[in-house]
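So the chains spell out like this:
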Amino acid sequence: MTSFIHPTRRGLLMAGGAGLLAAALPGHVGAQAAPIRIGFQLHRTGIGAAYGRWYERTAQAALTAINEAGGIGGRPVELLFEDDATDPKRGSEVVDKLTQQAGCDLVMGTLFSHVVMGSAPRAAELKVPYLVCSEGYHVASGALNRWTLQPGITDVRAQISTMAPWVAANLGKKVTMVFPDYAFGHDHRDFFTAAIQAQGGEVVAQIAVPPTETSFTRYFPQIPAETAVLYHVMVGPAVLTFVKELGEFYGTGAKPALFGFVDSLEAVDTATPGLEFLEGSHFWEAHPRVKAADAGEHEDHYRAAVGVDDNGASVSDAKDVSTYSHMFSTWETLYFIKQAMEAVDYAGPADRQKLVEAMEAITDLPYGIERPQGAKRFNGKTHQVFGSQHISQVQGGKLVKVHATTIDEGLYEDAVDYTSMSF
Amino acid sequence: MKPWILHIALIAVLATAPLWLSPYHATNLARIMVLAVFAMGYNLAFGYTGLLSLGHALLLAAGMYAAGLPAQLWGWAAGPAFIAGIAGGGLIAAALGLLALRTAGVSFMIVTLMFAQAGYLTLLYFAHVTGGEDGFAVVSSGRVLLGSDLSTDTPRFLAALTIFAIGLLASLALVRSPFGRTMVAMRENEERSRMLGYNPFTVKLAALTLSGLYAGAAGAAYALLFGYVGASFATIQYSILPMLYVLMGGAGTTLGPFLGALLMFALIEAATVLTTAHQFIVGAALVVLILFAPKGILGTIRERWLRWLP
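Criteria and thresholds
Residues numbered from 1 in each chain as written. Chains lettered and ligands numbered in written order. Predicted model: local features only at pLDDT ≥ 70, side-chain atom pairs only at ≥ 80, totals over all residues. Helix = DSSP H or I, 4+ residues; strand = E, 2+ residues; numbered from the N terminus. Contact = placed C-beta atoms within 7 Å. Rg over C-alpha atoms; globule rule 2.2 N^0.38 Å. Buried ≥ 20, exposed ≤ 12 C-beta atoms within 10 Å, placed from the backbone. Domains from an automatic or database assignment. Nonpolar A, V, L, I, M, F, W, Y, C, P; charged D, E, K, R; others polar. Axes fitted to C-alpha atoms, helices over the stretch in contact; angles between N-to-C directions. Left-handed = near helix turned anticlockwise from the far one by under 90°. Pairing = 2+ DSSP bridges. Expected span 1.5 Å × (residues − 1). Bend = angle between axes of the 7 residues up to and from the residue. Core = buried A, V, L, I, M, F, W, Y, C linked by C-beta atoms within 7 Å. Right-handed = clockwise from strand over helix to strand, strands pointing away.

1. Things to note about the overall build of chain A
A tally of regular secondary structure across chain A gives 10 helices and 17 strands. Based on the C-alpha atoms only, the size of chain A along its principal axes is roughly 110 × 45 × 40 Å. A separation of at least 24 residues holds for 67% of the contacts in chain A among residues at least 6 apart in sequence.

Right, dumping it as structure tokens:
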């Protein structure tokens, strides 16, 4: 006699088998559909907050687009944002938290160079891919490691070098440089000085301004009279004062042509009172903030997805100006991750090394919705991407694109081969 | 005897932490112990000697660069680099003290703040050597101590624990020694101490130098254990942090710096989950603490319940 209390052996086996199947099924189905978790090291507070706000919006927009198109390899994607306070020490802790605590498959999104430098060693220790959106030369210089890559934005060396031919041909060959006296300014000083010399030009004066300076009047008399081009890369809240005082110094008299980097004016409206002196001057832009007349076919889609109008400001608040020349990097980095993960059929953290190798194997990145800024070429040895640059002129208080460089103009010799390093 | 048992018990509990903590929390505990060494040094100057400095970031950075640069430039291993870091912190503290201790009170705060700012700008100015604002990642060969790779979890935790344990027991021995009591005398009544025959300048200089040795050790440990050296550690933020740790844990208590560093770290971790305005939560917590427990947590416990707490 069999009963519930005295089951048969077959009954027991069947029940056990059914139980095992029931236990395994949800897990199996769950593993198939388990989301890919991407940690985003975000400058939500600290000096990088204006950039961070737009990095978050752009990455969210890309995430929505990717998920709506089926995710990565059929799996949905999650972004986990964690504030690093734009601080290298906290940055390293955030990499740790996103990787070990939140279980992210990789970490991305860092902009400020010092946070990248502080965080990259921890990423290498944890053996987690760390994809930065920083434009620093630190990746391609060989200062970092096998796990750190920059696939979404060109580096400052390439940007500066490509500007010199246009400046020499269109603005003049005798250049005076005014730059902040720390790493960012020194990169400009060194790379531009060499690049303009290669064009037969020369830097007639280098005026280094201490980063704590709040008034610049005393530096302007150091600008030689023979100066044809004034190259300025002041950044931070002092920019408005710098431009205003420069305007007062030259008054309505003759002045050199001005050339700057839009880093000075990211998240700042170029029509802000006090910036009138910039009218007619030129700026480097990675991605023209004001929609160019010859913008690519995906430009409108990208702007709509992120919530940016044709002037580069938020569609919901025209005073909320974007960091347009940097934020596309988060979008393009997410699509780069998608491409590499799908290439290796990424299953989980055990595939991280394979994932980095797949990234290193990527070369051509054509223009498309995946890369709204433009086509790119990735150098797997230096872990750095190369792309086109733009020059815009301030016309009627707006930045109007006047020139674009080719990818080839920004290439330079490799300083490192990360693929020869161990993981 | 009770204080020694308590301190050794704490070290013993911490030593077992990797067994019951996740790797993530164990690594954070290593960070906290390094920060606590920095705060212990600050406590010797501020909590025991009454020297309210706003320039300790300079001493932390001195240790960090004195350890990191030889590793980077000349290939030093972690052992010699760490010793160089301690010496760097102590030397800069002594030099700072020779000049800044000619002042007192608010003037001392301002002078130390100015020297720290000058130190920060010096790091930026010599960017070709120091790496400037970006700093540099310490080469892996410089992170090897007696054959152990300090970039891996267990050796890093043990190294942090060892530095912390030595620092903690040394500070306990120091504050219970005659010199420790002289330091407290300077804090309580400098004029009376002078009348009793002590030279306040030399006592304060010695205390500040000891504080610098701790800060240097913490800076060197951070560089070698976590692999990064950068000028941001020389900014005002890192002068204020040890003060907050000490105020929270209890100024003039040997365990206060560790407790403060631990709680502040936990507070930031918890606050970032709740809100983007996590700095506000930290600030509010400190205001509440200063209003309702001005002597810090252990200072209040000592006052009310455990009079023997060192």
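So, next bit.
2. Describing the overall build of chain B
Helix and strand counts for chain B come out as 14 helices and 4 strands. Scaling as 2.2 N^0.38, a compact globule of 310 residues should have a C-alpha radius of gyration of about 19 Å, and chain B matches this with 19 Å. Here chain B holds 310 residues, and 50% of them are scored as buried.

3. Considering the domain arrangement of chain A
Residues and elements named next belong to chain A. According to the domain assignment, chain A consists of domain 1 (34–154 + 326–387) and domain 2 (157–285 + 392–401). Relative to domain 2, the C-alpha centre of domain 1 lies at a distance of 31 Å. Contact with domain 1, which involves 8 residues of that partner, is made by 7 residues of domain 2. Considered class by class, the residues forming the side of domain 1 that touches domain 2 number 5 nonpolar, 3 polar and no charged.

4. Comments concerning the interface of chain A and chain B
Contacts between the two partners involve 28 residues from chain A, matched on the other side by 22 residues from chain B. Those elements that provide at least two residues to the side of chain A that touches chain B are strand 2 (77–83), helix 3 (88–101), helix 4 (113–126) and helix 6 (183–198) of chain A. Among the elements that take part in the side of chain A that touches chain B, helix 4 of chain A stands out by supplying 7 residues, more than any other. Its residues placed into classes, the side of chain A that touches chain B shows 10 nonpolar, 10 polar and 8 charged.

5. Quick notes on the packing of helix 3 of chain A against helix 4 of chain A
All names here are of chain A. Following both chains from N to C, one finds helix 3 and helix 4 inclined at 35 degrees, their axes separated by 7 Å at the closest point. Once helix 3 is placed against helix 4, the crossing between them reads as right-handed. Side by side, helix 3 and helix 4 meet where Pro88, Lys89, Gly91, Ser92, Val95, Asp96, Thr99 and Gln100 of the first sit next to His114, Val115, Met117, Gly118, Ser119, Arg122, Ala123 and Leu126 of the second. The residue makeup of the contact of helix 3 with helix 4, split by class, is 6 nonpolar, 7 polar and 3 charged.

6. Some remarks on the sheet that holds strand 13 (residues 364–365) of chain A
Residue and element names in this part refer to chain A. Strand order in the open sheet formed by 3 strands is 13-14-15, with antiparallel pairing between adjacent strands. Looking at strand neighbours, the two that pair on one side only are strand 13 and strand 15 (384–387), the edges of this open sheet. Note: strand 13 against strand 14 (residues 376–379), 2 bridges, orientation antiparallel. In the strand pairing of strand 14, Leu365 is matched with Lys376.

7. Some words on helix 2 (residues 23–48) of chain B
Residue and element names in this part refer to chain B. If you check helix 2, its first and last C-alpha atoms are 35 Å apart, about what 26 residues at 1.5 Å a residue would give, namely 38 Å. At Tyr42, helix 2 shows its maximal bend, which comes to roughly 35 degrees. For helix 2, the tally of buried residues reaches 22 of 26 residues, placing the bulk of the element in the interior. Looking at the residues trailing helix 2, positive phi occurs at Gly50, about 80 degrees.

8. Here we look at the sheet that holds strand 3 (residues 106–108) of chain A
Residue and element names in this part refer to chain A. Taken in spatial order, the 5 strands make up an open sheet running 2-1-3-4-5, and their pairing is parallel. Among the strands making up the open sheet, the edge pair consists of strand 2 and strand 5 (148–149). Each of strand 1 (36–42), strand 2, strand 3 and strand 4 (130–131) touches helix 3; the most contacted strand, strand 1, lies at about 165 degrees to it.

9. Details of the nonpolar core
Counting 210 residues, the largest nonpolar core has Val37, Ala218, Ala220, Ala221 and Leu224 of chain B as the members making the most contacts within it. Per element, the largest residue contribution to this core is 16 residues, and it comes from helix 2 of chain B. Shared between two domains, this core holds at least three residues of each, these being domain 1 (34–154 + 326–387) and domain 2 (157–285 + 392–401) of chain A. Excluding anything up to four places from it in sequence, Val37 of chain B contacts Ile163, Phe164, Gly167, Tyr214, Ala217, Ala218 and Ala221 of chain B.

10. Considerations on helix 10 (residues 200–226) of chain B
Helical periodicity: at 3.6 residues per turn, an α-helix aligns residues three or four positions apart in one direction. Residue and element names in this part refer to chain B. In this model, helix 10 (27 residues) spans 38 Å end to end at C-alpha, consistent with the 39 Å of a helix rising 1.5 Å per residue. Most of helix 10 is tucked away: 21 of the 27 residues are buried. Positive backbone phi, at 75 degrees, marks Gly227, one or two positions downstream of helix 10.

11. With respect to the pairing of strand 7 (residues 202–209) of chain A
Across a regular strand the side chains alternate sides, sitting on one face of the sheet and then on the other. Residue and element names in this part refer to chain A. Sheet topology places strand 6 (residues 174–180) next to strand 7; 7 bridges connect them, and they run parallel. Its bridge partner lying in strand 7, Phe179 is registered against Ala208. Following the backbone out of strand 6, through helix 6 and into the adjacent parallel strand 7, one traces a crossover that is right-handed.

12. Concerning the pairing of strand 12 (residues 317–321) of chain A
All names here are of chain A. As paired elements, strand 11 (residues 313–314) and strand 12 share 2 bridges and run antiparallel to each other. Its bridge partner lying in strand 12, Ala313 is registered against Val321. Taking the residues between adjacent antiparallel strands as the criterion, strand 11 and strand 12 are bridged by 2 residues.

13. As for unusual backbone geometry
All names here are of chain A. Positive phi is not limited to glycine here, since Ala85 has a value of about 55 degrees. For Ala85, a count of 25 C-beta atoms within 10 Å corresponds to the buried category. Even without being glycine, Glu135 reaches a positive phi, approximately 60 degrees. Topologically, Glu135 is positioned in the loop between strand 4 and strand 5.

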